[in-house]
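Fold and geometry: a report
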Amino acid sequence: MAAGAPRVFVSHLSGVPVFDPNGDQVGRVRDLVAMLRVGGRPPRILGLVVEVVSRRRIFLPMTRVTGVESGQVITTGVVNMRRFEQRPTERLVLGEFLDRRVRLVESDEEVTVLDVAIQQLPARRDWEIDKYFVRKGRGGALRRKGETLTVEWSAVSGFSLEEHGQGAENLVATFERLRPADVANALHHLSPKRRVEVAAALDDDRLADVLEELPEDDQVEILGKLKEERAADVLEAMDPDDAADLLSELPEEDKERLLTLMRPDDAADVRRLMSYEERTAGGLMTTEPIVLRPDATVADALARVRQQDLSPALAAQVYVCRSPDETPTGKYLGTVHFQRLLRDPPFTLVSSIVDSDLVPLPPDTPLPIVTSYLAAYNLVSAPVVDESGSLLGAVTVDDVLDHLLPDDWRETDFHGEEGILHGRT
């Protein structure tokens, strides 16, 4: 890890207030959720267990945490209020790691874990366990005897998985190193029972990414085996266009029940997408492109482009619109491409460098014309605008390819690396 990356001891996080970007308190930290990994890799911190005002405990993914400093945690403001349920592959750091008796690798001496330090990976939102604060000798943390010392995570045994284990926990840890498409390919070749077990053990964001890469039959099978509230959470984490495609494969009753369980804003986006014909610009588009107002600067645009959870296609350009700046927006003014953002000073207004010559696509544009449009203008994404001039969303090249390739293209074995488990259970 790079020097200077923030390090926090978890005992200092217990009871710390959690705030949204507006400064309103969401709740307090009660624990941290970790996942053990194979290959001598340190446990990864998945998120925080936060107790909200009603004393309900919810899960806050670390990808939603923007700051851990000065005795407070800052979130992106997007919080799922459903009750936290610990999964078999998850470990509670305060509840299960502290006071645990483990051994030092070098001397095989038994020690007690008194505290755990976590550190953020450079240029990413991921956090890992970095160090352990331990006490030598027998007795729990309340005993005041024995030398205390801080050691690297690799100096302690008992916090990793067996390299060749085949339980769901081991497979999830192995899949963590793979891209979602590779995980999807591996899942597709597992037995149905094993596929559902592993899918259920993935966290919501990871499972959402993987579902987007699976054939429709596998998507429907996995979603149908999840508890309905969990299924709604996963649908919320998916790109709206992919969630709409998946829901369209379900019986009407199941579809409506899941939409009702989703957050109203997310459900509204999905319902809007489902109102368009499948093989049209409206049916293909995502409702979450980067939208900026005319008075935003190049610096503002680059900050948005740098967001880790954006796909490369969506990060290739920003769309300038009058307020409101969520789809459907106010009047669409034009597009600013990423390369242009790199050429102009940070204080430049995006309205002064907007490309307004590119004619946007109506939502009923058929797939062949969408394909020709992207190819003719060498684009990876294109704006979709309604009759009133409001931006509805953007069609990305990956969604177009999904509909141009043969139905069984996902089953093509093009994953030759990483030792993926083709058919091995």
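Described below are features of the structure shown in this document. On a predicted model such as this, the values are computed, not experimentally measured, just so you know.

Along the chain, the regular secondary structure elements total 15 helices and 18 strands. In the chain, of all internal contacts separated by at least 6 residues, the share reaching a separation of at least 24 is 59%. Here the chain displays about 20800 Å² of accessible surface, and carbon together with sulfur accounts for 49% of that area.

It is worth spelling out empty space enclosed by the protein at this point. As enumerated under the stated definition, the model contains one cavity of 30 Å³ or more in all. The computed volume of the largest cavity comes to approximately 40 Å³. Along its surface, the largest cavity is lined by Asp-241, Asp-242, Asp-245, Gly-283, Leu-284, Asp-399, Asp-402 and His-403. For the lining of the largest cavity, the elements supplying multiple residues, two or more each, are α8 (240-247), α11 (281-284) and α15 (397-404). For the lining of the largest cavity, a count of residues per class yields one nonpolar, two polar and five charged.

With respect to the helices, strands and loops of the structure, Asp-108 is situated in the loop between β9 (101-104) and β10 (110-120). Counting along the chain gives 49 residues from Asp-108 to Ser-157, while the straight-line C-alpha distance between them is 8.9 Å.

This brings us to the packing of aromatic side chains. Applying the stated criterion across every chain yields a total of three aromatic pairs. A centroid spacing of 5.2 Å and a plane angle of 65° characterise the contact between Tyr-373 and Tyr-377, whose relative ring orientation is edge-to-face. A relative accessible area of 10% means that Tyr-373 is categorised as buried.

On the surface, a cluster of negative charge is made up of Asp-209, Asp-239, Glu-288, Asp-309 and Asp-398. Among the secondary structure elements, Asp-398 is positioned in helix α15.

The next point concerns the pattern of salt bridges. Pairing between side chains becomes possible if they bear opposite charge and their charged atoms approach one another. Scanning all chains against the criterion turns up 27 salt bridges. For Glu-110, the salt bridge goes to Arg-101, with nearest N and O atoms at 3.0 Å. Judged by relative accessible area, which is 22%, Glu-110 ranks as partly exposed. Residue classification places Arg-101 among the partly exposed positions, given a relative accessible area of 29%. Note that Lys-136 is salt-bridged to Glu-109, the shortest N-O span being 3.7 Å. Remark: Glu-109 occurs in the loop between β9 and β10 and Lys-136 occurs in strand β11 (residues 127-136); sequence separation between them is 27 residues. Counted as one network, the salt bridges with shared partners bring together Arg-30, Glu-51, Arg-55 and Arg-57.

What follows is about unusual backbone geometry. The residue after Ser-323, namely Pro-324, is reached through a cis peptide bond having omega 5°. Cis peptide bonds are those with omega within 30 degrees of zero, and the linkage from Thr-327 to Pro-328 qualifies with -10°. In this structure, Pro-328 sits in the loop between β15 (317-321) and β16 (332-337). Its identity as a non-glycine residue notwithstanding, Asp-99 has a phi of 70°, on the positive side. For Asp-99, the position within the fold is in the loop between α1 (93-97) and β9. Of note in the backbone geometry, Asp-108 takes a positive phi value of approximately 60° without being a glycine.

The next point concerns the sheet that holds strand β14 (residues 291-292). Spatial ordering of the open sheet is given by β14-β15-β16, a layout of three strands whose pairing is mixed. Single-partner strands in this sheet number two, and they are β14 and β16.

A separate point is the nonpolar core. Ranked by internal contacts, the top residues of the largest apolar core, which has 57 residues, are Leu-187, Leu-207, Leu-223, Leu-235 and Val-395. Setting aside residues up to four positions removed in sequence, Leu-235 forms contacts with Leu-223, Ala-243, Leu-246, Leu-247, Leu-258 and Met-262. Counting 38 residues, the second largest nonpolar core, distinct from the first, contains Val-18, Ala-34, Val-50 and Phe-159.

In terms of burial, strand β3 (residues 25-35) is largely enclosed, as eight of its eleven residues are buried. Counting the residues between successive antiparallel strands, the hairpin from strand β2 (residues 17-19) to β3 contains five residues, one of them, Gly-23, with a positive phi of roughly 90°. Both β3 and strand β4 (residues 44-52) contribute to a ladder of eight bridges, which runs antiparallel. Within the sheet, the bridge partner assigned to Ala-34 lies in β4 and is Ile-45.

On to the packing of α8 against helix α10 (residues 264-274). When two helices pack together, their arrangement is captured by the angle between the axes and the distance separating the axes. Running from N to C, α8 and α10 point in directions that differ by 65°, and their axes come no closer than 9 Å. Considered as vectors, α8 and α10 are oriented roughly perpendicular to each other. The interaxial crossing formed by α8 with α10 has right-handed handedness. Taken together, the residues of α10 that come into contact with α8 (itself represented by Pro-240, Asp-241, Ala-243, Ala-244 and Leu-247) are Asp-269, Val-270, Leu-273 and Met-274. When the residues that make up the contact of α8 with α10 are grouped by side-chain class, the tally is seven nonpolar, no polar and two charged.

Before going further, it helps to spend a moment on the pairing of β4. Most of β4 is tucked away, with nine of its nine residues classed as buried. In this structure, β4 lies alongside β11, joined through two bridges in antiparallel fashion. Pairing of Ile-45 across the sheet is with Trp-127, part of β11. In this sheet, strand β5 (residues 57-61) lies alongside β4 in antiparallel orientation, the contact comprising five bridges. In the strand pairing of β5, Val-49 is matched with Phe-59. Count of turn residues in the β4/β5 antiparallel hairpin: four residues, of which Arg-55 carries a positive phi of about 70°.

Conventions and cut-offs
Residues numbered from 1 in each chain as written. Predicted model: local features only at pLDDT ≥ 70, side-chain atom pairs only at ≥ 80, totals over all residues. Heavy atoms only, no water. Helix = DSSP H or I, 4+ residues; strand = E, 2+ residues; numbered from the N terminus. Contact = heavy atoms within 4.5 Å. Areas by Shrake-Rupley, 256 points an atom, 1.4 Å probe, with all protein chains shown as cover. 1 Å grid on protein atoms, 1.4 Å probe; cavity = no way out; pocket = protein on both sides within 12 Å on 5 of 7 lines; lining within 4 Å. Points joined across faces, edges and corners; volume = space filled by probe spheres on them. Nonpolar A, V, L, I, M, F, W, Y, C, P; charged D, E, K, R; others polar. Phe/Tyr/Trp six-rings, centres within 6.5 Å; stacked < 30°, edge-to-face > 60°. Buried < 20%, exposed > 50% of the residue type's maximum accessible area, 1.4 Å probe, protein only. Patch = residues over 30% accessible without salt bridge, like charges linked within 9 Å, V, L, I, M, F, W, Y side chains within 5 Å. Salt bridge = Lys/Arg side-chain N within 4 Å of Asp/Glu carboxyl O. Lys, Arg positive; Asp, Glu negative; His and termini not counted. Charge placed at Lys NZ, Arg CZ, Asp CG, Glu CD. Pairing = 2+ DSSP bridges. Core = buried A, V, L, I, M, F, W, Y, C linked by side-chain atoms within 4.5 Å. Axes fitted to C-alpha atoms, helices over the stretch in contact; angles between N-to-C directions. Parallel < 35°, antiparallel > 145°, perpendicular 65-115°, else oblique. Left-handed = near helix turned anticlockwise from the far one by under 90°.

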